[in-house]
Amino acid sequence: MSTALESLYSGPLEKLTPPGVGKPSAQSSILRAIDLLDPDKLAAQLTRFSTQYAQSDPRAVASLWSKWHFSALISSTLVANLLLEYDLPVGLDEANIEVGPEGQTRRLWVTDTGRPLGCQSAFGRFSTLIDSHLVPLITALAEYSGASPKVFWSNAGNLFEYFTEALHAHPMAKSRSIEPARQLLASRHLPDGRRNPLFQPVYYGSAADGGSCERRRRLCCIRYLNPELEYCSNCPLIRESRQAESVLS
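Residues numbered from 1 in each chain as written. Predicted model: local features only at pLDDT ≥ 70, side-chain atom pairs only at ≥ 80, totals over all residues. Heavy atoms only, no water.

**What to know about the nonpolar core**
Counting 64 residues, the largest nonpolar core has Phe70, Ile74, Leu134, Leu141 and Phe160 as its most contacted members. Elements that contribute at least two residues to this core include exactly helix H2 (39–50), helix H3 (58–83), strand E4 (96–99), strand E5 (105–110), helix H4 (127–145), helix H5 (149–168) and helix H6 (179–186). Ranked by residues supplied to this core, first place goes to H3 with 12 residues. Apart from residues no more than four positions distant in its own chain, Phe160 is found in contact with Ile74, Leu78, Phe126, Leu129, Ala181, Leu184 and Leu185. (Core = buried A, V, L, I, M, F, W, Y, C linked by side-chain atoms within 4.5 Å. Buried < 20%, exposed > 50% of the residue type's maximum accessible area, 1.4 Å probe, protein only. Helix = DSSP H or I, 4+ residues; strand = E, 2+ residues; numbered from the N terminus. Contact = heavy atoms within 4.5 Å.)

**Things to note about H6**
Along H6, the residues that are buried comprise Pro180, Ala181, Leu184 and Leu185. In an axial view of H6, the angular spread of the buried residues amounts to 135°, which keeps them on one side of the axis. (Arc of directions from axis to C-beta.)

**A few points about the sheet that holds E4**
If you trace the four strands from one edge of the open sheet to the other, you get E1-E5-E4-E2, paired in mixed fashion. Each edge of the open sheet carries a strand with a single partner, namely strand E1 (20–21) and strand E2 (30–32). The pairing of E1 with E5 spans two bridges and is parallel. If you follow Val21 over to E5, its bridge partner there is Val110. H3 rests against E4 and E5 of the sheet, and its axis sits at about 35° to E5. (Pairing = 2+ DSSP bridges. Axes fitted to C-alpha atoms, helices over the stretch in contact; angles between N-to-C directions.)

**A word on the packing of aromatic side chains**
Taken as a whole, this structure holds four aromatic pairs when the rule is applied. Residues Phe126 and Phe160 carry aromatic rings whose centres are separated by 5.3 Å and whose planes lie at 75° to one another, so their mutual orientation is edge-to-face. Highlighted residues: Phe126 in the loop between strand E6 (115–116) and H4 and Phe160 in helix H5, separated in sequence by 34 residues. Here the two residues Phe126 and Phe160 agree in accessibility, since each one is buried. Consider the rings of Tyr224 and Tyr231, whose centres lie 5.4 Å apart with planes at 65°: the pair is edge-to-face. The partly exposed category is assigned to Tyr224, whose relative accessible area is 34%. (Phe/Tyr/Trp six-rings, centres within 6.5 Å; stacked < 30°, edge-to-face > 60°.)

**Here's the deal with the pattern of salt bridges**
Evaluated as defined, the whole model comprises 10 salt bridges. The partner of Arg32 in a salt bridge is Asp35, and the shortest N-O contact between them spans 2.8 Å. Overall, Asp35 belongs to the buried group, its relative accessible area being 10%. The partner of Arg194 in a salt bridge is Asp192, with the nearest N and O atoms 2.7 Å apart. For Asp192, a relative accessible area of 52% translates into the label exposed. Linked by salt bridges that have partners in common, Arg32, Asp35 and Lys41 make up one network. (Salt bridge = Lys/Arg side-chain N within 4 Å of Asp/Glu carboxyl O.)

**Notes on the packing of H4 against H5**
Running from amino to carboxyl end, H4 crosses H5 at an angle of 140°, the nearest separation of the two axes being 8 Å. Accordingly, the angle class assigned to the pair H4 and H5 is oblique. Between H4 and H5 the crossing geometry is right-handed. Of the residues in H5, those touching H4 at Leu129, Ile130, Leu134, Val135, Ile138, Leu141, Ala142 and Ser145 are Pro149, Phe152, Trp153, Ala156 and Phe160. Class assignment of the residues belonging to the contact of H4 with H5 gives a composition of 12 nonpolar, one polar and no charged. (Parallel < 35°, antiparallel > 145°, perpendicular 65-115°, else oblique. Left-handed = near helix turned anticlockwise from the far one by under 90°. Nonpolar A, V, L, I, M, F, W, Y, C, P; charged D, E, K, R; others polar.)

**What about the side chain of Gln104?**
Relative to the assigned elements, Gln104 resides in the loop between E4 and E5. Those residues within four positions of Gln104 in sequence are excluded, and the remaining contacts are Phe49, Trp65, Trp68, Glu98 and Val99.

**Describing the side chain of Asn81**
Tracing the backbone shows Asn81 in helix H3. When its relative accessible area of 1% is taken as the criterion, Asn81 is described as buried. Those residues within four positions of Asn81 in sequence are excluded, and the remaining contacts are Tyr86, Leu117, Arg125 and Phe126.

**Considering the packing of H3 against H4**
Their axes nearest at 10 Å, the elements H3 and H4 cross at an angle of 170°. The angle between H3 and H4 falls in the class roughly antiparallel. Contacts between H3 and H4 pair Pro58, Arg59, Ala62, Trp65, Ser66, His69, Phe70, Leu73, Ile74 and Thr77 from the former with Leu129, His133, Leu134, Leu137, Ile138, Leu141 and Ser145 from the latter. A class-by-class count of the residues in the contact of H3 with H4 yields 11 nonpolar, five polar and one charged.

Now the structure itself:
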């Protein structure tokens, strides 16, 4: 493990597992990230993940699984990108994933700690993450599960925003360290004119009790499609439900 990368996992990151660097441990259950594009291998992971639920909707299962995966992927990428100014090799054809007992992604493994960022623009510096991992994987997840790609992009955006703001409080963060990530989230379109799928995934509204602002997702993660699960604490449907109750009361 690179001392420089591992040493960053303190403060707001102390409870996260740093990415593995180099050859994974022989004791670990490892899957090549590129294998997630194989429909049969992706189905095997999601089926394994679904066994923890008495009743499972494939759309909700895929969404929940993606949260685990994106958490490991995006946290690792942002730490290296924003604090070290390094482009971590997280493309599907470069990375491996350590799989947990229920089929969830527990840890990202990369061949090395990457290379200095060749582009400082908000879009260029995250192109490996977006174009070489998120785009193809989200396409595969949507095709397998039948859920809208927007659900998975919302999951990715929610975590991207969350870890960006967490890094703002990191002791090694400089005054403008997280600005490229914030700029990406605030841009409605990509440089080529396409819609930015990570545009404003969350919003902050006034708390009902007059306290601190509530952080809300703009799109539901559809976990509630599994009958035994409730809405997430920052689900937009909770606010809609409250507004409906207010109108009817």
